[in-house]
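# Descriptive analysis of the structure
The primary structure of each chain is shown beneath.
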Amino acid sequence: MVTKDNQHPPTNASAAPPTSDRQLPDSVVDDAASLPSTAQVVRVPPPPPGPEPRQNQVPDPDLVHPLPGYDLTYVRPTVSLPGIEVGPFTYFAGADFQDHVTNHVGYLGDRLIIGKFCQIAIGVEFVMNGANHQMNAATTFPFYAFGGWDQQPPPLDWLPFKGDTVVGNDVWIGQHATILPGVQVADGALIGANAVVGSDVEPYTIVVGNPARPLRQRLDQDLIELLLELKWWDLPIAQINRLIPVLTSPDLDMVSRELRRELATRRSTSG
Ligand SMILES: CC(C)(COP(=O)(O)OP(=O)(O)OC[C@H]1O[C@@H](n2cnc3c(N)ncnc32)[C@H](O)[C@@H]1OP(=O)(O)O)[C@@H](O)C(=O)NCCC(=O)NCCS
């Protein structure tokens with residue numbers, strides 16, 4: 001996460017330590033003890049235990065600046081232009097998200113739709129369909145756009161019109177990435193820094209480069225399917241709070257077990 005000072009935001013002193021410090025099973029923490037005695041093992045002492053997370057806490061998704069003193073903004077309360085829809089808790093590491101949605105001209109009617117809990121780094125740009133000039137004619141010059149020629153915009157089917165840009169939930173977009181018109185980025189995807197994304201991105205897939213290409217899946221397929229079924233981002237905030245230790249644990253076997261149990265409970269109570 002980058003802020004105006006190019007620093008990580010301060011740790012919230014009242015927050016509990018990262019889940020990984022609180023929840024790693026002994027077998028993982030003690031792995032170093034099984035290393036050969038010649039190996040130099042630097043043991044980092046765990047931080048002192050913090051207060052338990054408060055499950056009843058309801059953070060306010062309509063705060064513009066959820067980190068006081070930093071430029072970082074929750075995007076939804078900053079959106080005023082038509083054709084941009086953003087879910088709660090999605091943040092942008094800057095103050096002026098709409099300035100990073102370019103060539104968004106009303107007459108084309110394309111929308112930028114971004115889900116919940118996305119993390120959008122500084123310098124990210126969403127290029128909308130107004131950026132694409134007519135390419136099926138002798139010139140790409142947009143005479144219609146300028147005063148003095150009195151030309152009408154070409155019909156949509158003369159343009160490379162790609163439709164809405166859609167970003168799912170819990171998507172992390174690295175700094176200075178560019179998302180081209182009409183791209184669909186699925187839930188849990190990760191866009192590497194400086195990537196230029198011109199084609200759709202599959203769920204929980206990391207893409208990098210220009211043109212952005214898949215590097216790998218961030219999680220194994222079974223866990224991805226559990227997460228796509230659970231859709232934790234759509235749950236009431238109290239349930240999300242309860243799940244935070246699971247969602248942030250690097251013990252992915254435990255995470256799979258817990259999510260299976262969560263889904264089984266959901267199925268049994270809904271049916
Ligand atoms: C994509 C990313 C998360 C790294 O993922 P990773 O799985 O740890 O990838 P690795 O570092 O192991 O790199 C794997 C390969 O991808 C390449 N790669 C990694 N990130 C890349 C990027 N952004 N662009 C191009 N190539 C990249 C590496 O060079 C490496 O290539 P190689 O196999 O030819 O040596 C990271 O590089 C990145 O871009 N993070 C975004 C950071 C950011 O912008 N944060 C914003 C503040 S919140």
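Residues numbered from 1 in each chain as written. Predicted model: local features only at pLDDT ≥ 70, side-chain atom pairs only at ≥ 80, totals over all residues.

### Here's the deal with the sheet that holds strand β10 (residues 178-179)
- Spatially, β4-β7-β10-β13 is the arrangement adopted by the four strands of the open sheet, whose pairing is parallel. Across the chains shown, the open sheet's two edge strands, defined by having one partner strand only, are β4 (101-102) and β13 (196-197).
- Two elements, strand β7 (residues 125-127) and β10, share two bridges in a ladder whose sense is parallel. Of the residues in β10, the one forming a bridge with E125 is T178. (Pairing = 2+ DSSP bridges. Helix = DSSP H or I, 4+ residues; strand = E, 2+ residues; numbered from the N terminus.)

### With respect to the site of the ligand
- Neighbouring residues of the ligand: 14 residues in total, closest A121, G174, Q175, G192 and A193.
- Tallied by class, residues from the shell around the ligand come to eight nonpolar, six polar and no charged. (Near = placed C-beta within 6 Å. Nonpolar A, V, L, I, M, F, W, Y, C, P; charged D, E, K, R; others polar.)

### Describing the confidence of the model for the chain
- Looking at the chain as a whole, the pLDDT averages 85, with 79% of positions reaching at least 70.
- Taken together, the stretch residues 1-39 has pLDDT below 50 and engages in 44 contacts with residues farther than four places along the chain or on a different chain. (pLDDT = per-residue confidence, 0-100. Contact = placed C-beta atoms within 7 Å.)

### Some thoughts on the pairing of strand β15 (residues 213-217)
- Strand direction decides the pairing type here: strand β14 (residues 205-208) and β15, joined by four bridges, are antiparallel. Paired with V208 across the bridge in β15 is R213.
- Between β14 and β15, which follow one another and run antiparallel, lie four residues, and G209 among them has a positive phi close to 95 degrees.

### Focus: the sheet that holds strand β8 (residues 165-167)
- Taken together, the four strands give an open sheet; going across it, the order is β2-β5-β8-β11, and neighbouring strands pair in parallel fashion. This sheet does not close on itself; its edge strands, each paired only once, are β2 (84-86) and β11 (184-185).
- Strand direction decides the pairing type here: strand β5 (residues 112-114) and β8, joined by three bridges, are parallel. Of the residues in β8, the one forming a bridge with L112 is T165.

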